[in-house]
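Overview (structure and organization)
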Amino acid sequence: MTEQFGPLEKLIARMRENPAPPGSWRVTPPDELRKLLVAVRRNLTVVKDRAARYETELKTREWKV
């Protein structure tokens, strides 16, 4: 899942801020995209940690079929 972050970081690094005139399309600035990427990585880490704990809990339960 995290293998997509490398190319995304490279893309953001190549971006430059280009102010657009009022009323035109606007693109999120690179600094804001970097902040969002950091937040995504942090949230993904939290989800993976919770999943690992839940997996351990499920494996230790006594299951009957």
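Preceding this section is the structure that the text describes.
Notes on the structure follow. This structure is a prediction, so every number in the text was calculated from the model and none was measured.

**So, the overall build of the chain**
A count of helices and strands for the chain gives two helices and zero strands. Its C-alpha radius of gyration of 20 Å places the chain more than 25% over the 11 Å reference for a compact globule of 65 residues. Across its three principal directions, the C-alpha atoms of the chain cover 65 × 25 × 20 Å. Burial analysis of the chain (65 residues in total) assigns 8% to the buried set. Accessible surface computed for the chain: about 6300 Å², of which carbon and sulfur atoms make up 57%. Taking the 14 positively charged and 9 negatively charged side chains of the chain as two groups, their mean positions are separated by 3 Å.

**Describing helix H2 (residues 30–60)**
In this model H2 runs 45 Å from its N-terminal to its C-terminal C-alpha over 31 residues, within 8% of the 45 Å that 1.5 Å per residue would give. Taken residue by residue, H2 has Pro30, Leu37 and Leu44 as its buried positions. Along its buried surface, H2 packs onto helix H1 (5–14).

**Remarks on the environment of Ile12**
Note on placement: Ile12 falls in helix H1. With relative accessibility at 5%, the residue Ile12 sits in the buried group. Ile12 sits 13 residues away from Trp25 along the chain, and the two C-alpha atoms are 18 Å apart. The contacts of Ile12, once residues within four sequence positions are left out, are Pro30, Leu33, Arg34 and Leu37.

**Focus on the pattern of salt bridges**
Tallied over the full model, the rule gives four salt bridges. Notably, a salt bridge pairs Asp31 with Arg34, separated by 2.8 Å at the nearest N-O pair. Residue Asp31 and its partner Arg34 are located together in helix H2, separated by three residues, close to a single helical turn. Owing to a relative accessible area of 37%, Arg34 belongs among the partly exposed residues under this scheme. With a shortest N-O distance of 2.7 Å, Glu57 and Arg61 are connected by a salt bridge.

What counts, and where the lines are drawn
- Residues numbered from 1 in each chain as written.
- Predicted model: local features only at pLDDT ≥ 70, side-chain atom pairs only at ≥ 80, totals over all residues.
- Heavy atoms only, no water.
- Helix = DSSP H or I, 4+ residues; strand = E, 2+ residues; numbered from the N terminus.
- Rg over C-alpha atoms; globule rule 2.2 N^0.38 Å.
- Buried < 20%, exposed > 50% of the residue type's maximum accessible area, 1.4 Å probe, protein only.
- Areas by Shrake-Rupley, 256 points an atom, 1.4 Å probe, with all protein chains shown as cover.
- Lys, Arg positive; Asp, Glu negative; His and termini not counted.
- Charge placed at Lys NZ, Arg CZ, Asp CG, Glu CD.
- Expected span 1.5 Å × (residues − 1).
- Contact = heavy atoms within 4.5 Å.
- Salt bridge = Lys/Arg side-chain N within 4 Å of Asp/Glu carboxyl O.

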